[in-house]
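Residue-level structure breakdown
Below, each chain spelled out in residue letters.
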Amino acid sequence: MENAPIQSSLAALERMCYAQLVKSWQETFHHPPPAKCGEALLRGALAWQIQAKHFGGLSTSELKTLRQSALSSTSNQTLNLAVGSRLVRVWQGNTHQVTVLDKGFEYAGQRWLSLSAIARDITGTRWSGPVFFGLKRGDL
């Protein structure tokens, strides 16, 4: 049965404690999981990676569709940000400034399509950009 190794790996995930899931996450993604990330999310992301590695991940067009969807859900208009506004966040002793553009954001001399991409670049982990920059309620 060609799916036996996948089933075995997925079953192993189900038996892992939180510390083992964190270790597996670090080995898989090469960075620690986001703070306050629960077991269910760790298991789900790791399970997806196991299956994507075997069956193939998302196609280029699917990734493009997801990115466009993410952009439309966190657009400047949705967040009610005025063009030219500056967002400032201090992270690990460094101050990061983002300027709101008509379509996207400027950070570190580059144009970005989303705040989440900028937050990911700064922290090395996935963040909600609006939460990271204090625009939406959330635990920082």
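Residues numbered from 1 in each chain as written. Predicted model: local features only at pLDDT ≥ 70, side-chain atom pairs only at ≥ 80, totals over all residues. Heavy atoms only, no water.

Section: the nonpolar core
Among the nonpolar cores identified, the biggest contains 15 residues, and Val98, Phe105, Leu115, Ile118, Ile122 and Phe133 are the most heavily contacted of them. Elements with a minimum of two residues in this core: β1 (86–91), β2 (94–101), β3 (104–107) and α6 (115–123). Looking at this core, the element that brings in the most residues is α6, giving 5 residues. (Core = buried A, V, L, I, M, F, W, Y, C linked by side-chain atoms within 4.5 Å. Buried < 20%, exposed > 50% of the residue type's maximum accessible area, 1.4 Å probe, protein only. Helix = DSSP H or I, 4+ residues; strand = E, 2+ residues; numbered from the N terminus.)

Examining the environment of Ser85
Of note, Ser85 is situated in the loop between α5 (76–79) and β1. Given a relative accessible area of 26%, Ser85 falls into the partly exposed group. Ser85 sits 15 residues away from Val100 along the chain, and the two C-alpha atoms are 5.3 Å apart. Once residues lying within four places of it in the same chain are set aside, the contact partners of Ser85 are Val98, Thr99 and Val100. Within the structure, the side chain of Ser85 is placed 2.7 Å from the backbone oxygen of Ala82, a separation counted as a polar contact. (Contact = heavy atoms within 4.5 Å. Polar contact = N/O pair within 3.5 Å; in protein donor to acceptor, adjacent residues only side chain to side chain.)

Things to note about the pairing of β3
The pairing of β2 with β3 spans 4 bridges and is antiparallel. Pairing of Leu101 across the sheet is with Gly104, part of β3. Between β2 and β3, which pair antiparallel and follow one another directly, the connecting turn spans 2 residues. Note that β3 and strand β4 (residues 110–112) share 3 bridges and pair antiparallel. Looking at the pairing, Glu106 lines up with Arg111 of β4. Following β3, the chain reverses through 2 residues before pairing antiparallel with β4; Ala108 in that reversal takes a positive phi of roughly 55°. (Pairing = 2+ DSSP bridges.)

Here's the deal with the packing of aromatic side chains
For the coordinates displayed, the defined rule picks out 6 aromatic pairs. Centre to centre, the rings of Phe132 and Phe133 are 5.0 Å apart; their planes meet at 85°, and the pair counts as edge-to-face. Each member of the pair, Phe132 together with Phe133, is buried. Following the ring pairs from residue to residue traces out a cluster consisting of Trp91, Trp127, Phe132 and Phe133. When the ring centre of Trp127 is taken as origin, the NZ or CZ atom of Arg89, which lies over that ring, is 5.9 Å away. Above the plane of the ring of Phe132 lies Arg89, whose end atom (NZ or CZ) is 4.3 Å from the centre. (Phe/Tyr/Trp six-rings, centres within 6.5 Å; stacked < 30°, edge-to-face > 60°. Lys NZ or Arg CZ within 6 Å of the ring centre and 35° of its normal.)

Details of unusual backbone geometry
Of note, the phi angle at His30 is positive, near 65°, even though the residue is not glycine. Its place among the elements puts His30 in the loop between α2 (18–29) and α3 (39–55). The phi torsion at Ala108 lies on the positive side, around 55°, for a residue other than glycine. Its location among the elements puts Ala108 in the loop between β3 and β4.

Looking at the confidence of the model for the protein chain
Counting all residues, the mean pLDDT for the protein chain is 85, and 88% of those residues have values of 70 or more. The spread of mean pLDDT over the elements of the protein chain runs between α5, the lowest at 58, and β4, the highest at 94. (pLDDT = per-residue confidence, 0-100.)

Points about the side chain of Arg43
Of note, Arg43 is situated in helix α3. Apart from residues lying up to four places away in sequence, Arg43 is in contact with Leu13, Glu14, Met16 and Leu21.

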